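Fold and geometry: a report
Chain by chain, the residues run as shown.
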Amino acid sequence: MGRICTTLWISLLLMLNGIVFLQAAEKPIRIGATVSQEGKYLQPSAMIRKGYELWADQVNKRGGLLGRRVELVFYDDKSREDLAGSLYERLLTKDRVDLVLSPYGTPLTIAASDVTERHKVVMLGSAAAGEKIWERGYQYVFGVYAPAGRYFIGFLDLMARNGLESVGIIFENSPFNRSIEKGVREWAARFGLVVAFCRGFDDPAGEFPVLLNQVMEKKVDGLVFSGYPPECYRFIQMMKEADYRPEAFAITIVPVQTDFREKVGPFAEGVFGPSQWEPDERIPFPGTTQFIRDFKSFSGKMPTYHAGSAYSSCQILEKAVLHAGSIDHQKIRDFVSNLDTATVIGRFKVDHTGRQIGHNPILIQWQDGKKEIVYPAKMSTSPPKFGP
């Protein structure tokens, strides 16, 4: 009788252990991030979120990651740095997510990565290009974008090639936009262009009228404006009211948005903008065509480079986890730091600081009511056009 009871107990324990094992195996992999559902980062952040969600939907349809369903956990950071930092702390200590994805923009990524670095959790900065991120000596944050200092190389190169001689720079005093300003000055010098005007701003409402008058007086051939969407649209509106347009005008972020022409009207014609990638099926990166179709079907919209980079960061994270065979952030970090691969937006390769060195930005211009790629030449869909 004792032997029978012992056998039953052993069988029961084995069965209970099997149940616990199955429950553990079925436990989802939770991936946390913040998104900006209000504030200055609202528009690009919406694209970032859709890129994340498309990847999660696809990986779950393939059977999950490491055989486990992926579950995304989002919080609204309201475009605030302080909130982003505290929310990533919550994701890691209270929600106890397994992995993280990045927020939109350099300021929020700096705040978020301060937290993830302390916890030794890998973060792929899918939507940040400010140089400050890579100057802190961190080991767990990696860039997907080409750095901000390289954004306007194409614009400046084309200006020089077409006989334009001077450029003005107006930029927001924030990490990303200061990196833009520094890069424009450095590359303008390389191309033999004179930086005839260079000013930063902190208060758009109070400073824009003065800055606009000053740059108009300088009569620059080309103008670079670097800011986030609300400031970009405000400055464009003032340019329209002043009937001001230099021979070449380039601006960050907003020209890549699909509704740019709708928002600014005929002024969009001829505007240049830096991009990390464009939804053109002629772009020769693996998976680009399918991603464009999948994203449009999933979201009802054409993707911008923000969506493409978000999806690409998920692709890289997936590769790293599969290579590690577990959620081991040291192994994931080592894999990503040595990775040289192609994603839907192009090459991914980082240096020892985590800065992206494999990917290069492209330049678009609005022509005849639509975006065209005008730089580099090997990816061009149309030659650039100059003139007010």
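As a starting point, this report considers the structure included with it. (Residues numbered from 1 in each chain as written. Predicted model: local features only at pLDDT ≥ 70, side-chain atom pairs only at ≥ 80, totals over all residues. Heavy atoms only, no water.)

The full count for this structure, using the stated rule, is 23 salt bridges. The salt bridge involving Lys-40 is made with Glu-231; its shortest N-O contact spans 3.8 Å. Highlighted residues: Lys-40 in the loop between strand 1 (29-35) and helix 2 (42-61) and Glu-231 in helix 8 (residues 229-242), separated in sequence by 191 residues. For Lys-40, a relative accessible area of 23% translates into the label partly exposed. Glu-318 is the salt-bridge partner of Arg-62, the closest N and O atoms lying 2.8 Å from each other. Of this pair, Arg-62 sits in the loop between helix 2 and strand 2 (70-76) while Glu-318 sits in helix 11 (residues 305-324); the two residues are 256 residues apart in sequence, bridging distant segments of the chain. Given the relative accessible area of 14%, Glu-318 is considered buried. Here the residues in one salt-bridge network are Arg-30, Arg-69 and Glu-71, joined through shared partners. (Salt bridge = Lys/Arg side-chain N within 4 Å of Asp/Glu carboxyl O. Helix = DSSP H or I, 4+ residues; strand = E, 2+ residues; numbered from the N terminus. Buried < 20%, exposed > 50% of the residue type's maximum accessible area, 1.4 Å probe, protein only.)

A few words on empty space enclosed by the protein. Within the structure shown, the criterion is met by three cavities of 30 Å³ or more. Of the volumes computed, that of the largest cavity is approximately 70 Å³. If you go around the largest cavity, the residues you meet are Tyr-104, Gly-105, Thr-106, Ala-127, Ala-128, Ala-129, Tyr-145, Tyr-151, Phe-176, Tyr-228, Ile-253 and Tyr-305. Residue composition of the lining of the largest cavity, by class: ten nonpolar, two polar and no charged. Reported here for the second largest cavity is a volume of approximately 40 Å³. Taken together, Arg-245, Pro-246, Glu-247, Ala-248, Phe-249, Glu-269, Gly-270, Gln-365, Lys-385 and Gly-387 make up the full set of residues lining the second largest cavity. (1 Å grid on protein atoms, 1.4 Å probe; cavity = no way out; pocket = protein on both sides within 12 Å on 5 of 7 lines; lining within 4 Å. Points joined across faces, edges and corners; volume = space filled by probe spheres on them. Nonpolar A, V, L, I, M, F, W, Y, C, P; charged D, E, K, R; others polar.)

Our next topic: the sheet that holds strand 1. Strand order in the open sheet made by the three strands is 2-1-3, with parallel pairing throughout. Each edge of the sheet is formed by a strand with only one pairing partner; in this case those strands are strand 2 and strand 3 (99-100). Taken together, the seven bridges between strand 1 and strand 2 define a ladder with parallel strand orientation. The partner of Ile-29 across the bridge, within strand 2, is Val-70. (Pairing = 2+ DSSP bridges.)

In terms of burial, strand 2 is a largely internal element, five of the seven residues being buried. Regarding the hand of the β-α-β motif, the stretch spanning strand 1, helix 2 and strand 2 is right-handed. (Right-handed = clockwise from strand over helix to strand, strands pointing away.)

Quick look at helix 3 (residues 81-93) now. The end-to-end C-alpha distance of helix 3 is 19 Å, a good match for the 18 Å that 13 residues give at a rise of 1.5 Å each. Tucked into the core, helix 3 has its buried residues touching strand 1, strand 2, strand 3, helix 4 (106-118) and strand 4 (123-125). (Expected span 1.5 Å × (residues − 1). Contact = heavy atoms within 4.5 Å.)

In this structure, His-329 sits in helix 12 (residues 329-337). There is a polar contact of 3.1 Å between the side chain of His-329 and the backbone nitrogen of Val-122. Ignoring sequence-local partners within four residues, the contact set of His-329 consists of Asp-98, Leu-99, Lys-120, Val-121, Val-122 and Tyr-140. (Polar contact = N/O pair within 3.5 Å; in protein donor to acceptor, adjacent residues only side chain to side chain.)

What follows covers the packing of helix 2 against helix 11. In the contact formed by helix 2 and helix 11, the axes pass within 7 Å of each other and the chain directions differ by 40°. On the basis of the axis angle, helix 2 is oblique to helix 11. Crossing of helix 2 over helix 11 shows right-handed handedness. From helix 2, Pro-44, Met-47, Ile-48, Gly-51, Tyr-52, Leu-54, Trp-55, Gln-58 and Val-59 reach across to helix 11, where they touch His-306, Ala-307, Ser-309, Ala-310, Tyr-311, Ser-313, Cys-314, Gln-315 and Glu-318. (Axes fitted to C-alpha atoms, helices over the stretch in contact; angles between N-to-C directions. Parallel < 35°, antiparallel > 145°, perpendicular 65-115°, else oblique. Left-handed = near helix turned anticlockwise from the far one by under 90°.)

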